[in-house]
Every structure is written in C-alpha cells, then in structure tokens.
Amino acid sequence: MKEYLTLADIQEDLRAGDLTCVKLVDHYLQKIESNKHLNAFVEVYADEAKKAALALDEKIATQTAGKLAGLVIGLKDVLSLKGHGLQAGSKILQDYKAPFTATAVQRLIDEDAIVIGRQNCDEFAMGSSNENSSFGPVLNAADNTKVPGGSSGGSAVAVQAGMCHASLGSDTGGSVRQPAAFCGVIGVKPSYGRVSRYGLIAYASSFDCIGPITKSIEDAALILEIMAGADDFDSTVSEKRVPSYSSLLMWKGNARIGYIREAVESTAISLEIRQQTLEMLNRLRAEGHEVTPVEIPLVDALLPTYYILTTAEASSNLSRFDGVRYGYRSSEATDLESMYKKTRTEAFGEEVKRRILLGTFVLSANYYDAYYTKAQRVRRLVREETDKFFESFDFLISPVTPTTAFTIGEKTEDPLQMYLADIFTVQANVVGNPAISIPNGVDDNGMPIGIQVMAPYFGEEKMLAFAHYLSGLNKKVAEEYDTNH
Ligand SMILES: NC(=O)C[C@H](N)C(=O)O
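Going by the annotation in an unreviewed UniProt entry, the name recorded for the chain is Glutamyl-tRNA(Gln) amidotransferase subunit A, with Dyadobacter arcticus given as the source organism. Looking at the Catalytic activity (unreviewed entry) heading of the UniProt record, one finds this comment for the chain: "L-glutamyl-tRNA(Gln) + L-glutamine + ATP + H2O = L-glutaminyl-tRNA(Gln) + L-glutamate + ADP + phosphate + H(+)".

See the structure below:
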C-alpha cells in the first residue's frame, strides 16, 4: 500500500474506491506485526478495528461517514477507552479496565476514527525515554539501539513506523513533542484548557495536555479542532470557540520571531542541532521575517520549577493507587497498612517512587514554603515574562531537545541527566502556552532533529499556520538539495 502523508489523501482514495477501510486496517495490523520488536503497542484491538472498518466502508458508500473516516489511531496507555485495558505503563493498574471513554477520544470516534490499540509509555508518563514502562522499553524505528523519547514513546514510534496514521499522546513537560522530535514526526501540545482531560490518567493536573502525533500539520490541525472545546466533565476547559484550524493553514505576512540565543550558542546543545536550528532561522530571515535572539530571563529556573510542581501534584494524584478497589494488590500483606505499603512498593517502578518521594518532600510542612510555594511564585514570574515576550513577538523558536535520540540505557542511572532532556519543552507547560515540534532534518547518523515553535496562549490557529509554512520551507530545501546532488 502506498504511504499516505495526510488523511485527506486517504479519504480521496476511499471516495474514489481505490482503497477501503478494511484494507487500511489490515495494512496497519500487518505493520504492527512486522514491527513487534519495537514494542510500541501493549495491546492491539484487531477484531474490533476490523469490524469498525467494515461498518465504516458501508457508511462511506452511503456518504454518511464522519470527518475522520479513514483515520486509524493509537492511544497512549493513559487515555481511557471504555471496557479496554488502561495501565499508564504500570503494574499497579494490572488488569484495570477503563469504565468510560475520554472526551477527546470519544470526539474522534464520533467522527469515525478507528482505534487500533493502546501504546506503550513511561509509567504514569514520567520519563523522557520510554525506559520506565512496566511493559519494557520502546525502540526507535530509525535505530533500534536508541530510545524513542518519552513519555509518549510508543505513540511516536507507531506513527514513525507507519503502524497507525496518527496517535494521541499526553504532554506534561514535553511528552508529546520530545518523542515526536526523536522519531521525526509532528507533535502538538495545545494550550492548557483547550482539550478536555476527562479520561486522561492524571500525572500533574495543572500541566497535563492531550495532543496529537502525526506526519502532517494538516492532520494535527484537524484532530486538534475535533478534540478541543468545552466539556461538562472538565471545568478547566475553556468555553472559547474552537477555530477551524485545518482550514486556516495559510500563513500570510512576516512573523516576529524570537529565538533562544543560548540554544544556538551553548556547547551543551549538540552541534548538529544548533546548526540545523540556525539554518532554519537564517532561512526565515531570508524569507523576510524578523528574527531576533532573546534571553529567557528565568531559563535556569524552568526545570526546577517544573520538577518541584509536577512531583508535588503527582504525589497527590498517585495516592489513589492503594490496591483497595482495583489494580494490583500484594499477596504478602498481613493488615491494611502493610497492604498499602507492599502493594505500592511492589507495583510502582523506580522513577515513580522517586517522584512520589520528591513530591511528598516538597509538600511536607517543614519544606512547603521553601519549595512548593516558591516554585508557584516562580511559575507566576515565568508566565509574566512569557506574556511580556509575546507582546513583542509572534513565536518563540528553539530546538525541541538538546541532543538527538540517545542510546538505550545511557541515562537510566542518572535521573538529572534525563530531566535535562526537557530543557526546551517544559516552559510551554509551566505557562500553559501551545507549542509544536516539527521535523527539522537529521544528524550525521540519520537520527531526526526537531524544531519547536511556541505561540501565545490560545494561539493555536497562528501556530499551526506558521508550522505548516515552516514544514513547506523544509520540504523546499530538501527538494533543492536532491536536485543539486
Ligand atoms: N510527562 C512528560 O511530559 C515528560 C517529562 N519528561 C516528565 O518526565 O515529566
């Protein structure tokens, strides 16, 4: 079967009768089978997907199909689909089944998207390499010795290797964008409050965002516009009207772009990433955009703020996993207290335990003001600085990551090194703004490099239009390169 970059292309062939949903689903199932070693899926809904495809082919024949007919998606193992397994990559949710469907997922299904399975991820979305999963690590399809990034690693690899057309991930500090960058695909973190979190397993509730992983900006825009908007089940979602992002992808005019000076100068960032980023910035300048280096005043405070506040929220959110009503329960327990202790000790992984400890520490009476309150204040300052930045600029551009995908096992012994992988992505979550990761070439070893565009709060419309334009620039350069060599 031919490679489809956009859903629109799939739908054209479906309409013309050159393709059926049944064939499409069979194709992805074969791809999942032949890429089993990548460990991207933890469960595949083969029969259900086939049945849905058959029914959808009839709808297409009678022209009653929804906007997402032909879209076969995978769900990160933190998104609820009623009656299906849901574990957040953790042993503690062993055999747990979702009692309802996440709003974002339901909205896609209502438009005839087909869910093909659930995807591997770091336990409770804590990680940047997908090595913290109770289902084992996911491998990068570009080089099987490298990590795919995390925590939505399975979701990114599934799209990278063509095992489904798109995936839904969640992004608390980069979990959609960083794996997208490591795998050479597109990842979107919407504004906080744009997409309902109902049915998403909580990690850090004031940071978590559901976002699409795709091969084209067109599909990311379409999926986002269908998922987004007010929801009675999540009071943090904005009532703001959702623009039709997918029909507003024409970028016009010149943008005022700020880029993080350090990101292209600091030797802590890989040389090839710096070069690729600079090249893109120069190209944008040559196209007439205003491109200015900026200092992010609180850049050193971003990671500490992120890791203090998210671990605090996580320690509270994860207290509900106690072995009482569902999931794993230790068989060694002798009384209630030992049941809690043994269950949590046996079923949570190292990284999750580390974060529960950190979070409990920063929330404890003696340290609350020194850490938690202080971090909240810094969060406020970062938001003010960011808002100020967007008074003079349309976009903030940076690499997505300081390095390309690293070798499996390279950073597992050093959690702080792992946290550093999030240096460029956490700001958008600390402040709530939207950001997108777009492929921007490869390094000398052929590993993908990403570039990030961050936009003002609720600025998805212009962010996606600009990202569309930027991907076009990238393609143009690649074509010129091909004709000159
Ligand atoms: N969940 C995320 O967005 C990933 C981030 N690396 C974290 O471990 O917190």
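K.L.:
So what's going on with the site of the ligand? Which residues, and what values?
P.N.:
Around the ligand, the surrounding shell holds 13 residues, and the nearest of these are A125, S128, T172, G173 and S175. Partitioned by chemical class, the residues of the shell around the ligand number three nonpolar, eight polar and two charged.

K.L.:
Just give me the short version of the UniProt feature "active site" (unreviewed entry) in the chain, but keep the residues and values in it.
P.N.:
In the numbering adopted here, UniProt assigns the feature "active site" (unreviewed entry) to K76, S151 and S175. A maximum C-alpha distance of 10.7 Å among these annotated residues, which run over 100 residues, shows that they cluster at one spot. Structurally, K76 is set in strand β2 (residues 72-76). Accessibility expressed as a C-beta count within 10 Å gives 32 for K76, which makes it buried. When residues no more than four places from it in sequence are discounted, the contact partners of K76 are Q119, C121, S152, G154, S155, S167, L168, G169 and S170. Its location among the elements puts S151 in the loop between β3 (114-119) and α5 (153-160). Classification of S151 as buried rests on a count of 35 C-beta atoms within 10 Å.

K.L.:
Please give an account of the UniProt feature "domain: Amidase" (unreviewed entry) in the chain that cites residues and values.
P.N.:
According to UniProt, the feature "domain: Amidase" (unreviewed entry) maps to residues 24-464 in the numbering used here. Overall, residues 24-464 shows 38% helix and 14% strand. The separation of its end C-alpha atoms is 27 Å.

K.L.:
Any chance you could break down the sheet that holds strand β5 (residues 186-189) for me, citing the residues and the numbers?
P.N.:
The eleven strands lie next to each other as β1-β3-β2-β4-β6-β5-β10-β11-β9-β7-β8, forming an open sheet whose pairing is mixed. One side of each edge strand has no neighbouring strand; the edge strands of this open sheet are β1 (41-44) and β8 (290-294). With strand direction ignored, the average angle separating the axes of adjacent strands in the sheet is 30 degrees. On the sheet, α5 packs against β1, β2, β3, β4 (166-171) and β6 (209-214) and is oriented at approximately 155 degrees with respect to β4.

K.L.:
So what's going on with helix α11 (residues 336-347)? Which residues, and what values?
P.N.:
For α11, with twelve residues, the first-to-last C-alpha span of 16 Å sits near the 16 Å given by 1.5 Å per residue. Of all the residues in α11, the buried ones are T343, R344 and A347. With its buried residues spanning 90 degrees around the axis, α11 presents them on a single face. Every exposed residue of α11 that faces more than 90 degrees away from the buried side is listed here: E337 and T345.

K.L.:
Can you break down the pairing of strand β9 (residues 395-399) residue by residue, with the values?
P.N.:
Among the five residues of β9, five are classified as buried, and the element is accordingly described as predominantly covered. By the bridge criterion, three bridges tie strand β7 (residues 256-260) to β9 in an arrangement that is parallel. Within the sheet, the bridge partner assigned to I257 lies in β9 and is F395. Pairing between β9 and strand β11 (residues 448-454): four bridges, direction antiparallel. Counterpart to P399 in the pairing with β11 is I451.

K.L.:
Requested: an account of the pairing of β7, with residues and values cited.
P.N.:
Most of β7 is tucked away, with four of its five residues classed as buried. Across five bridges, the pairing between β7 and β8 is parallel. Note on β8: the bridge partner recorded for R256 is E290.

About the criteria used
- Residues numbered from 1 in each chain as written.
- Predicted model: local features only at pLDDT ≥ 70, side-chain atom pairs only at ≥ 80, totals over all residues.
- UniProt positions renumbered as here; feature names shortened; annotations may be inferred.
- Near = placed C-beta within 6 Å.
- Nonpolar A, V, L, I, M, F, W, Y, C, P; charged D, E, K, R; others polar.
- Helix = DSSP H or I, 4+ residues; strand = E, 2+ residues; numbered from the N terminus.
- Buried ≥ 20, exposed ≤ 12 C-beta atoms within 10 Å, placed from the backbone.
- Contact = placed C-beta atoms within 7 Å.
- Pairing = 2+ DSSP bridges.
- Axes fitted to C-alpha atoms, helices over the stretch in contact; angles between N-to-C directions.
- Expected span 1.5 Å × (residues − 1).
- Arc of directions from axis to C-beta.

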